Amino acid sequence: MTVEASRETQTPVDLVTLSIDDVEVSVPKGTLVIRAAELVGTEIPRFCDHPLLEPVGACRQCLVEVPDAGNGRGFPKPQASCTLEVAPGMVVRTQVTSPVAEKAQHGTMELLLVNHPLDCPVCDKGGECPLQNQAMSHGRGESRFAETKRTFPKPLAVSEQVLLDRERCVLCARCTRFSEQVAGDPFIALVERGARQQVGIGPSTDEQAFGDRPGADGSSGGAQPFHSYFSGNTIQICPVGALTSADYRFRSRPFDLVSTPSVAEHDACGAAIRVDHRRGTVMRRLAGDDPEVNEEWVTDKDRFAFTWSRQDDRLRTPLVRDPDTGELVPASWPGALAAAAAGLREAAGKVGVLPGGRLTAEDAYAYSVFARVALRTNDIDFRTRPHSAEEAAFLAARVATVQDVATRDLETASTVLLVGLEPEDEAGTLFLRLRKGSRHGVRVAAVASHTTRGLAKVGGELLTARPGEEASALDAIQDSDGSADVGLDARSVVLLGERLASSPGAFSAAVRLAERTGARLAWVPRRAGDRGAVETGCLPTLLPGARPVGDAEARADLAAAWGVRSVPAKAGRDTTSILRAAARGQLRALVVGGVEVDDLPDPALAREALAAADFVVSLEVRESDVTRAADVVLPVAPPVEKSGTFVTWEGRLRPFGRVLDVPGSLTDVRVLAGIAEELGAPLGFRTTAGAMRSMADLGPWDGERVAAPDLAAPEAKEPRGGEVVLATWRQLVDDGRLQDGQDRYRATARRAVLKASAATLAAAGVEPGDVATISTDLGSASFPTAVADLPDGVVWAPGNNGVHLRGALGADHGSTVRLTAGGAS
Amino acid sequence: MSDTNGGGSLKETLWDPIAGFGVTFRTMFRKPVTEQYPFEKRPTAPRFHGRHQLNRWPDGLEKCVGCELCAWACPADAIYVEGASNGPSDEDRFSPGERYGRVYQINYLRCILCGLCIEACPTRALTMTNEYELADDNRADLIYEKSDLLAPLLPGMVEPPHAMLISDDHHDYYAGKTLPVVEVTHGSASTGDGA
C-alpha cells in the first residue's frame, strides 16, 4: 500500500504514534487511518478508497469510532477512516472493538445494498466482487428493504468496449477519479443528483481542441464515448460489477480461471499483467501490481489485445517449399530443420539475419549467437523501421547495458524532455508515470511537431521542431544564447524516441545536450524486444553485452566465452543494406524472425529482396508476407506459450513464465539451436533458461565503448510548392497485427485525421474538417482534416490507422508528400 | 449376550439350530420382493436423484443463465458451463435476461447425483428427474450436452431462440402476467394464478 520501501520512505520520516483497537502503532505522518489499521492487522471494509487515487470519502463504508482525535476530544459521530489522517495520541476503534463502528458499517452496507440488484449469478464480478465479499464479512446478512429496487435500462455502452450497469453502481467514484487523476481523460463523470445520481458520459470540450475524436467536426453535439487508452483500468478497479468489458462479458467466472502473472508484449515498458485462462484459451488479461513499473495500471492494448496469436492464420506445423510444385507443404520438425540447415549451408557466408523487434531477450540472444557462431557473419539487425548508422552508434555508446533512468525517476525529475516520442501512443505505462510526475511538479517539454492530447495532459511545453530538424531544436535548448530554456539540469531526464533515427543529427544533438546540461538520456523504443535486442547484440556493429565489433579484445572475450575460435571481425550490414544486398544477389539467404514487410523502411525493396534471395528461412507465429515468400517456415511460440524475459526501455529485466502449455510450440531459441546443430555449430544452449545462463555468464563489457555519434544538425530544407513535410507515428490503438481479433477494442481507436496549421490547409485549398489527400509517387491516403499548432508546411497523419503510410505511400516521419484537397482520385 | 459356560442349555442344543429355518419357511408363503428389472420398471420415490434436466419458462425460453454456480458447487467436477450474452436481436435470444448458458455439459461418469448443483441453482433451471438408467458402453456418450439435458417442449412452448413471448417487461415475464389461468382439478379444486 502506501507504506512501501521506496526512495522516499527510506529517508527518515516523522512518525506519529496512535492507538488502533488498543494497539499502539507508529506510522509516517500523513498516513490515513485506514492504512494504519492495516498495519495492526485490521481490515476496514472500503469501496471508494484506492491507494493510488486521492481520498474522497464517497462510499462511507469505512466508518470507525474516534473517541480521541489526539487533542483529548473525540468525534461525536463515526468518521470515514479513508479520509482521516493520523494524529499523535489519536485513539481509533474499528469494527473489531467498537459496536458503534460496527453498527455504522452495517448501516452503510445496508443502504448501499438497497438499490443494488441481486443479480450476482449473471454479474461478471460475481466471485471476485468486493461488495459481495464485504457484504458477507461486514454486512447484516438480511435486508429489511422490501420495496421495489431502482432500475435502469442496461447495459449502457460508455464506449464500444466498456459497458455500464448503473443499478449496480455504489457511486464510489473510483472510475471517474481514475479517469481524471491518472489517465487525464475525464470523459466519464457523476451526473444527476440524489437517488438518480449515476456515472455518465457527456459532451467534452477536450476533443474539440485535438480533433481526433468522433463528432469533433461538430457532426454530433451529443455525448462523447469514453475513448480513453486506459479505460480498461476502470473496469478492474470497479468494486462492484457496474463497469464490465464487452470483450469478457459473460464469458467466464473467476473460479474456473487459472491466473498466471506475465508481462505485456505490446510496448517497451514491460507492464506487469495477469493472464487468466480456461481450458487452454486466454479469457482476459488484467493489470498486475508492480510499483516500480506500472503500479496497477495498464493500457487497453496490454489488456485487450491478446487474441492475435489464435487467429486462423496461426502457423502450427513447419512448412518446406516443395522443389517440384513450388508450394509450401507441411513437414516434420527434424525435416524442416535439416532443410533450413541445408539451404543455409549452401549460402554459407552470404546470409543476412533480420530477427525483428518483438523477441524476448533470450530469443534475441539466440539470433545473435546464431549469426556469429553458426553463420559466421555480423549481418544482423533487429531494426525493422527507419534506422541510421548514427542510431546504431548511439545505441552502442549510450544505451546498451546502461541503466541510467528508471520509471520512478519520472516522478522526481526536475524536467522531462521528450524528443521524437509520443508516450501516450508509444509507451502508455511510461505516459501514466509521466502524468503522475507532472501532477507533482515535474516540468515536461517536448520537441515535437505539435501539441498532442498526450502532451497537453502532462501540461507539457512544446518546442516546435519540423520533422527531420529535431537536431537544430535540441541544439537551441539552453544554448549559449539561451533561446529555449526548459530548465534542464542534472536532475532532468531526456527521453528519445525511435523516430529520431529518421532525423539526421538528432541523436548526436541529444548527446551534446546531455553533456551540456548534465541531464540523463534514455531511449524509449516502441517494441517490447528492441532494448533486449540491443543488449544481446542484434546489431551489425555491436556484440552481446555492449561489446563493439571493432574491438579485438571484446571479440576475443566473446569467442572464449562461446568456446569458438573467433567471432567475425567485419562490421555487418544494417537492415536496409541486408535487403539491398539480397536484392542484388550479394546475400544469397535470409533468416527472418517476426518482421512485417510493411514496417520495413522500404517495403518495395524488402519484397524484391525476399523474391531475389535464393533461400529464405522464416520463424513466425502467424502467416505473413515473409512466410509466403519463404522456403522454410518454422512456426514459433507467441509470448503466451513460452517463458522468457523482456527488457524494458530502462534496461530492467522482466522475466515471465509460460501461460499455456502447448505441445510442439517451440521458442526461437529451440528452433535456432536445432538449425545450428544441423549446421555443426551448436549454440551452446537449447532452452530459454540455458540462453539466460549463457548471457549471465557472459556479463556486460567493461572495456572501452564506442564513441557517441557527433553529427552536426542538417541545414533546414524548404519543401517545394505543393509539398509538405510529413510528421507521423503509430497510435496506440491502430491496425497493427498484434491487435487482430479484437474489434470492440479497435473501435475505441482515435479517429484518423490529418492535422496541419490553418495556413497549410489554406495553401492546399482545404477547408478544416474537409477531406484532404496526401500522396507520393507510390500511393495516396485521404483523411478528414483538423487544425493544429503545427508549423506551416508540415502535416501530421497517423502511421497505421486506416492506411499504412509506410506500406501504401512509402512515406515516413520527415518524408515530403503532396497535399491536395478532396479524396483520392 | 453370549453364554460362556461350557456345554449349554436345552434350548441352545435343540431349538437354536432349527430356529433359522423359521425365516425360510415363513418367507415361502409370502409374495416375493424380486423386481423384474429391466422387464418391469417400477417408479422410484418421487424425490429420487436421477438424471438432470434443464427447465424452461412457459414460452420455451431457457431458465439457465450460465452462471456456473452448479459447476462451482459440484464436488465431483462433473459440470462444465460457458455463459454467453443473448444477442441484441430476438433471433439470438435463448433466455429472458441478458445471459444464457451457451455450453452446458454434465459428465455422468463423474456425477455422483448428490444434488448440490440443484441447491446451488439460482433460477431453478437445473432440477433432477427420476430417470436412473445412466449406463452406456462408451465414455463419450455419457457426457450429456445441453441438448440432451433440456426439458422437452410442453404445449405452448416454442423452441428458442425467440422473443420473450409472455411479456416484454421483465417483471411481468417472471410473474407470468399474461399466462392463462388454469383450473387445477386434483383433490379439492383450486385456482392458480399462473405465477
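In the block above lies the structure referred to throughout.
The paragraphs below set out a description of the structure included in this document. Predicted model, so just to flag it, every value in this text is computed and none were measured.

1. Considering empty space enclosed by the protein
With a probe scaled to a water molecule rolled over the atoms, the places where space remains empty come into view. Residues and elements named next belong to chain A. By the definition in use, this model includes 13 cavities of 30 Å³ or more. One number sums up the size of the largest cavity: a volume of about 260 Å³. Together, 18 residues line the largest cavity, and Glu498, Trp729, Arg730, Arg806 and Asp812 are the ones closest to its centre. Among the elements of the structure, β29 (723–729) and α27 (805–809) are those that each provide at least two residues to the lining of the largest cavity. Grouping the constituent residues of the lining of the largest cavity by class yields four nonpolar, five polar and nine charged. In this structure, the lining of the largest cavity is formed jointly by two domains, domain 4 (392–526) and domain 5 (723–821), each of which donates at least three residues. Each pocket or cavity is described by its volume, and for the second largest cavity that value is around 120 Å³. For the second largest cavity, the lining is made up of 14 residues, of which Glu265, Arg285, Phe306, Pro639 and Val640 are closest to its centre. When residues of the lining of the second largest cavity are traced back to their parent elements, those giving at least two are β11 (258–263), β12 (272–278) and β13 (281–287). For the lining of the second largest cavity, the class distribution of residues is 10 nonpolar, two polar and two charged.

2. Comments concerning the nonpolar core
Residue and element names in this part refer to chain A. In this structure, Leu344, Phe370, Leu417, Val591, Leu634 and Ile675 are the most contacted members of the largest nonpolar core, which totals 92 residues. With 10 residues, the single largest contributor to this core is helix α10 (residues 361–374). The residue makeup of this core includes at least three contributed by each of domain 3 (319–382 + 531–698) and domain 4 (392–526). Look past the residues within four positions of Phe370 in its chain and what remains in contact with it is Leu344, Leu375, Val591, Leu672, Ile675, Ala676, Leu679 and Leu683. Listed in part, the 86 residues of the second largest apolar core include Ala183, Leu418, Leu432 and Val444.

3. Comments concerning the pairing of strand β8 (residues 188–191) of chain A
Residues and elements named next belong to chain A. Summarising the sheet, β8 and strand β9 (residues 198–201) pair through four bridges and their orientation is antiparallel. By the bridge assignment for β9, Leu190 is matched with Val199. Where β8 folds back on β9, the antiparallel hairpin that results is connected by six residues, among which Glu192 adopts a positive phi of roughly 65°.

4. A word on the sheet that holds strand β31 (residues 771–775) of chain A
Residue and element names in this part refer to chain A. Strand order in this closed barrel of six strands is β29-β33-β30-β32-β31-β34, and the pairing throughout is mixed. On average, each strand axis in the sheet is inclined to that of its neighbour by 45°, with strand direction left out of account. Across three bridges, β29 lies against strand β34 (residues 816–821) in antiparallel orientation. Bridge pairing in β34 links Glu723 to Arg818.

5. Quick look at a nonpolar patch on the surface
Residue and element names in this part refer to chain B. Together, Trp15, Ile18, Phe21, Phe25, Met28 and Phe29 give the surface a local cluster of nonpolar side chains, amounting to about 770 Å² of exposed area. Those elements that provide at least two residues to the nonpolar patch are α1 (10–19) and α2 (21–28). Considering each element in turn, the nonpolar patch owes the most residues, three residues, to α2. Inspection of the secondary structure assignment puts Ile18 in helix α1.

6. Some points on the interface of chain A and chain B
Between chain A and chain B, the contact holds 15 residues from the first and 15 residues from the second. Applying the counting criterion to the chain A and chain B interface returns four salt bridges. Salt-bridge contacts for B:Arg99 lead to A:Asp124; the nearest nitrogen and oxygen are separated by 3.8 Å. At the boundary of chain A with chain B, the tally comes to five residue pairs in polar contact (both at pLDDT 80 or more). A breakdown of the residues in the side of chain A that touches chain B according to their chemical character gives five nonpolar, one polar and nine charged.

Cut-offs applied
- Residues numbered from 1 in each chain as written.
- Chains lettered and ligands numbered in written order.
- Predicted model: local features only at pLDDT ≥ 70, side-chain atom pairs only at ≥ 80, totals over all residues.
- Heavy atoms only, no water.
- 1 Å grid on protein atoms, 1.4 Å probe; cavity = no way out; pocket = protein on both sides within 12 Å on 5 of 7 lines; lining within 4 Å.
- Points joined across faces, edges and corners; volume = space filled by probe spheres on them.
- Helix = DSSP H or I, 4+ residues; strand = E, 2+ residues; numbered from the N terminus.
- Nonpolar A, V, L, I, M, F, W, Y, C, P; charged D, E, K, R; others polar.
- Domains from an automatic or database assignment.
- Core = buried A, V, L, I, M, F, W, Y, C linked by side-chain atoms within 4.5 Å.
- Buried < 20%, exposed > 50% of the residue type's maximum accessible area, 1.4 Å probe, protein only.
- Contact = heavy atoms within 4.5 Å.
- Pairing = 2+ DSSP bridges.
- Axes fitted to C-alpha atoms, helices over the stretch in contact; angles between N-to-C directions.
- Patch = residues over 30% accessible without salt bridge, like charges linked within 9 Å, V, L, I, M, F, W, Y side chains within 5 Å.
- Areas by Shrake-Rupley, 256 points an atom, 1.4 Å probe, with all protein chains shown as cover.
- Salt bridge = Lys/Arg side-chain N within 4 Å of Asp/Glu carboxyl O.
- Polar contact = N/O pair within 3.5 Å; in protein donor to acceptor, adjacent residues only side chain to side chain.

From the geometry alone we can't say anything about function, so treat these as descriptive.
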